[in-house]
Amino acid sequence: MIATTYSDFKNHLKTHLNQVTDDFEPLTVVRKHKPNVVVISADMYANLLENLHVQGNATNLAWLEAAKLQLASGQPQKPDQADAD
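Thresholds, definitions, all that
- Residues numbered from 1 in each chain as written.
- Predicted model: local features only at pLDDT ≥ 70, side-chain atom pairs only at ≥ 80, totals over all residues.
- Heavy atoms only, no water.
- Helix = DSSP H or I, 4+ residues; strand = E, 2+ residues; numbered from the N terminus.
- Rg over C-alpha atoms; globule rule 2.2 N^0.38 Å.
- Buried < 20%, exposed > 50% of the residue type's maximum accessible area, 1.4 Å probe, protein only.
- Contact = heavy atoms within 4.5 Å.
- Areas by Shrake-Rupley, 256 points an atom, 1.4 Å probe, with all protein chains shown as cover.
- Pairing = 2+ DSSP bridges.
- Axes fitted to C-alpha atoms, helices over the stretch in contact; angles between N-to-C directions.
- Core = buried A, V, L, I, M, F, W, Y, C linked by side-chain atoms within 4.5 Å.

Visitor: Give me the overall build of the protein: which residues, what numbers.
Guide: Helix and strand content of the protein: five helices and three strands. Counting helices and strands in the order they occur from the N terminus, the protein gives β-α-α-β-β-α-α-α. Relative to its length of 85 residues, the protein is extended, with a C-alpha radius of gyration of 20 Å against a globular reference of 12 Å. Each of the 85 residues in the protein was classed as buried or not, and the buried ones make up 13%. The contacts of the protein with a sequence gap of at least 6 include a subset with a gap of at least 24, amounting to 28%. Carbon and sulfur atoms form 56% of the exposed surface of the protein, whose accessible area is close to 6,900 Å².

Rendered as structure tokens:
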């Protein structure tokens with residue numbers, strides 16, 4: 001994660017926003033006497049929300065864990081094969 005000061009962020013806003021979106025890299029804006037702020041791209045934000053949704057649903061999480069175990073065992077199944085079991 002990259003970091004910059006509030007003043008630098010303000011003075012180079014376009015450059016920093018391009019860096020965040022082009023490099024898919026979060027940017028921490030350090031502020032005096034205030035909490036720091038993290039700037040992320042809309043794509044990264046959408047990805048975070050999707051991951052929270054998937055991991056927050058017990059059924060989805062169990063399905064992902066089962067798939068992870070199948071891969072680790074070297075015997076992954078196609079979805080139609082897994083449903084038939």
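Visitor: Give me the sheet that holds strand β2 (residues 27-30): which residues, what numbers.
Guide: What holds strands together in a sheet is hydrogen bonding between their backbones, with the strands either parallel or antiparallel. Spatial strand order, β1-β2-β3: three strands in an open sheet with mixed pairing. Since the sheet does not close on itself, it has two edges, and those belong to β1 (2-5) and β3 (37-39), each with one partner. Each adjacent strand pair in this sheet contributes to an overall mean axis angle of 30 degrees, direction not counted. Bridging between β1 and β2 involves four bridges; their strand directions are parallel. Bridge pairing in β2 links Ala-3 to Thr-28.

Visitor: For the nonpolar core, give the residues involved together with the corresponding values.
Guide: One finds Phe-9, Val-20, Leu-27, Val-29 and Val-39 forming the largest nonpolar core, which totals five residues. For Val-20, the contacting residues outside a window of four places in its chain are Glu-25, Leu-27, Val-39, Ile-40 and Ser-41.

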